[in-house]
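Fold and contact review
Chain by chain, the residues run as shown.
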Amino acid sequence: EVQLVESGGGSVQAGGSLKLTCTGSGSTIRWSCVGWFRQAPGKEREGVAGIDVTGETRYFNSVKGRFTISRENGKNTLSLQMNDLKPEDTATYYCASGRRDYCRGLLTEYLDNWGQGALVSVSA
């Protein structure tokens, strides 16, 4: 399958912004359903956002109004704009693709391909 590579992670203070970008390598990203999930130390994976083949988006409640997912098919990339970051957003973020079920309920069990992750650290 296509290799996914995340970039744009870093450390910011609460209220700051970051933009994560995911680039496909070796093949075209499967656009049926793509998105982002995150994982903090000692915690389970948490679906953050998804966008399906029709362009419909879905967000985890805690990030609604702050995060925006987008894609550029022609460039084989997926992005996540994160604004008004909070300490609880601290985690490693992964871009991923999978079944359309993920884009309906953000359950990570429906994902089947993801990258190495990008660390996002938000200080109070």
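Look up a bit, the structure's there.
Attention in this report is confined to the structure presented alongside it. (Residues numbered from 1 in each chain as written. Predicted model: local features only at pLDDT ≥ 70, side-chain atom pairs only at ≥ 80, totals over all residues. Heavy atoms only, no water.)

1. Side note on the overall build of the protein chain
For the record, the criterion: For the purposes of this entry, the term helix denotes a DSSP run of H or I that reaches at least four residues, the term strand denotes a run of E that reaches at least two, and both are numbered from the N terminus. As defined in this context, the radius of gyration uses C-alpha atoms, and a globule is described by 2.2 Å times the residue total to the power 0.38. Burial status follows relative accessibility: with a 1.4 Å probe on protein chains alone, a residue under 20% of its type maximum counts as buried, one over 50% as exposed, and anything between as partly exposed. Note on contacts: a residue pair qualifies if any of its non-hydrogen atoms lie within 4.5 Å across the two residues. For accessible areas, the Shrake-Rupley method is used with a probe of radius 1.4 Å. Any residue's cover is judged against the shown protein chains and nothing else. The charge count treats Lys and Arg as positive and Asp and Glu as negative. His and the chain ends do not count. A charged residue contributes its charge at one atom only: NZ of Lys, CZ of Arg, CG of Asp or CD of Glu.
Helix and strand content of the protein chain: one helix and eleven strands. In the protein chain, the succession of helices and strands from N to C terminus is β-β-β-β-β-β-β-β-β-α-β-β. In terms of overall dimensions, the protein chain is globule-like: its C-alpha atoms have a radius of gyration of 13 Å, near the 14 Å expected for 124 residues. Based on the C-alpha atoms only, the size of the protein chain along its principal axes is roughly 40 × 25 × 25 Å. Residues counted as buried form 42% of the 124 residues belonging to the protein chain. Counted over contacts in the protein chain with a minimum sequence separation of 6, partners at least 24 positions apart contribute 60%. Per element, the accessible surface of the protein chain, about 6,400 Å² overall, is 44% carbon and sulfur. For the protein chain, the distance from the average position of its 14 positive side-chain charges to the average position of its 13 negative side-chain charges is 3 Å.

2. Here we look at the packing of aromatic side chains
Keep this limit in mind: Whether two aromatic rings pair depends on their centres lying within 6.5 Å, for rings of Phe, Tyr and Trp, where Trp uses its six-membered ring; planes under 30 degrees apart make the pair stacked, over 60 edge-to-face, and the rest tilted.
All chains considered together, the criterion is met by two aromatic pairs. Judged by centre distance (4.9 Å) and plane angle (10°), the rings of Phe-37 and Tyr-94 are stacked. Placement of Phe-37 in strand E4 (residues 33–39) and of Tyr-94 in strand E9 (residues 91–98) is noted, with a sequence separation of 57 residues between them. Its relative accessible area of 16% is what places Tyr-94 among the buried residues.

3. Looking at unusual backbone geometry
Phi is mostly negative for residues that are not glycine, and the peptide bonds are mostly trans. One non-glycine residue, Asn-76, lies in the positive phi region at around 60°. Relative to the assigned elements, Asn-76 resides in the loop between strand E7 (67–72) and strand E8 (77–82). In this structure Asn-76 comes out as buried when scored by relative accessible area, which is 13%. One non-glycine residue, Asp-84, adopts positive backbone phi at about 50°. Secondary-structure assignment places Asp-84 in the loop between E8 and E9.

4. With respect to the nonpolar core
What counts here: What we call a nonpolar core is a set of buried Ala, Val, Leu, Ile, Met, Phe, Trp, Tyr and Cys residues that are connected through their side-chain atoms within 4.5 Å.
Trp-36, Leu-80, Met-82 and Tyr-93 are the most contacted members of the largest nonpolar core, which has 28 residues in total. Those elements that provide at least two residues to this core are strand E3 (18–25), E4, strand E5 (46–52), E7, E8, E9 and strand E11 (118–123). Those residues in contact with Tyr-93, other than ones at most four positions away along the chain, are Glu-6, Leu-20, Trp-36, Phe-37, Arg-38, Val-48, Phe-67, Leu-80, Met-82, Gly-117, Ala-118 and Val-120. Of all hydrophobic cores here, the second largest spans eight residues; its members include Tyr-94, Tyr-102, Cys-103 and Leu-111.

5. Focus: the sheet that holds E3
Heads up, the condition is: Any two strands with at least two DSSP-identified bridges between them are counted as paired. Each axis is a line fitted through C-alpha atoms, and for a helix only the stretch in contact is used; angles between axes span 0 to 180 degrees, taken between their N-to-C directions.
The antiparallel open sheet is built from four strands, whose spatial order is E1-E3-E8-E7. Edge strands, defined here as strands with exactly one partner in the open sheet, are strand E1 (3–7) and E7. Adjacent strand axes in the sheet meet at a mean angle of 15°, parallel and antiparallel pairs treated alike. As paired elements, E1 and E3 share five bridges and run antiparallel to each other. Each bridged residue has a counterpart across the sheet, and for Glu-6 the counterpart in E3 is Cys-22.

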